[in-house]
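Observations on chain architecture
For reference, the chains in residue letters:
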Amino acid sequence: MGILTIYLDRATNLKDKDTIGKSDPYIKFELEQNNTFKDKDYGEMKSTTKSNELNPVYEETFHFNIPTIENMELTCKVMDDDTLKDDKMGKCKI
């Protein structure tokens with residue numbers, strides 16, 4: 001078994017998704033093993049939320065316990081924290 005370590009430094013030039021004030025971004029990491037017949041979920045982790053900030057600095061570290069690196073897929077979502085429903089600001093898969 002191994003450990004996948006992610007260091008989240010910062011995000012820059014985020015687009016404002018709020019009509020009043022600025023966005024309150026946080027980053028969500030989801031890890032899964034993309035298999036031919038059945039995917040295996042290895043969980044999700046979330047950064048702190050940075051209020052009214054379009055260039056947030058996080059300096060946070062995350063750890064996932066994984067059996068192998070083969071077929072692993074890490075999804076990174078940038079979200080805007082809102083009262084009713086969080087807005088997606090961006091997404092990528094690695």
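Residues numbered from 1 in each chain as written. Predicted model: local features only at pLDDT ≥ 70, side-chain atom pairs only at ≥ 80, totals over all residues. Heavy atoms only, no water.

Some details on the confidence of the model for the protein chain
Scored by pLDDT, the protein chain has a mean of 92; 100% of the residues are at 70 or more. Across the protein chain, the secondary-structure element scoring lowest on mean pLDDT is strand S6 (residues 87–93), at 94, and the one scoring highest is strand S4 (residues 57–66), at 97. (pLDDT = per-residue confidence, 0-100. Helix = DSSP H or I, 4+ residues; strand = E, 2+ residues; numbered from the N terminus.)

Examining the sheet that holds S6
Ordered by their spatial adjacency, 4 strands build an open sheet running S3-S2-S5-S6, and the pairing between neighbours is antiparallel. Two strands in the sheet have a free side with no partner beyond their single neighbour: strand S3 (40–46) and S6. In this sheet, neighbouring strand axes are inclined to one another by 20 degrees on average, regardless of whether the strands run parallel or antiparallel. The sheet contact formed by strand S2 (residues 25–33) and strand S5 (residues 72–80) spans 9 bridges and is antiparallel. Note that in S5 the partner of Pro-25 across the bridge is Asp-80. (Pairing = 2+ DSSP bridges. Axes fitted to C-alpha atoms, helices over the stretch in contact; angles between N-to-C directions.)

Here's the deal with the side chain of Lys-77
The topology assignment puts Lys-77 in strand S5. Polar contacts involving the side chain of Lys-77 include one to the side chain of Glu-30, which spans 3.4 Å. Every residue in contact with Lys-77, bar those within four places of it in the chain, is listed here: Tyr-26, Ile-27, Lys-28, Glu-30, Gly-90 and Lys-91. (Polar contact = N/O pair within 3.5 Å; in protein donor to acceptor, adjacent residues only side chain to side chain. Contact = heavy atoms within 4.5 Å.)

Things to note about unusual backbone geometry
Generally, phi is negative for residues other than glycine and the peptide bonds are trans, each holding for most cases. Phi is positive for Glu-59, which is not a glycine, with a value near 50 degrees. Secondary-structure assignment places Glu-59 in strand S4. You can call Glu-59 exposed: its relative accessible area is 53%. Despite not being glycine, Asn-71 has its phi angle at roughly 60 degrees, a positive value. Take Asn-71: it is sitting in the loop between S4 and S5. (Buried < 20%, exposed > 50% of the residue type's maximum accessible area, 1.4 Å probe, protein only.)

Some thoughts on the pattern of salt bridges
Across all of its chains, the model carries 5 salt bridges by this definition. For Asp-9, the salt bridge identified is with Arg-10, shortest N-O distance 2.9 Å. Its salt-bridge partner being Lys-28, residue Glu-44 comes within 3.8 Å of it at the nearest N-O pair. With Glu-44 in strand S3 and Lys-28 in strand S2, the pair connects residues that are 16 residues apart, well separated along the chain. Taken together, the salt bridges that share partners define one network made up of Lys-28, Glu-30, Glu-44 and Lys-77. (Salt bridge = Lys/Arg side-chain N within 4 Å of Asp/Glu carboxyl O.)

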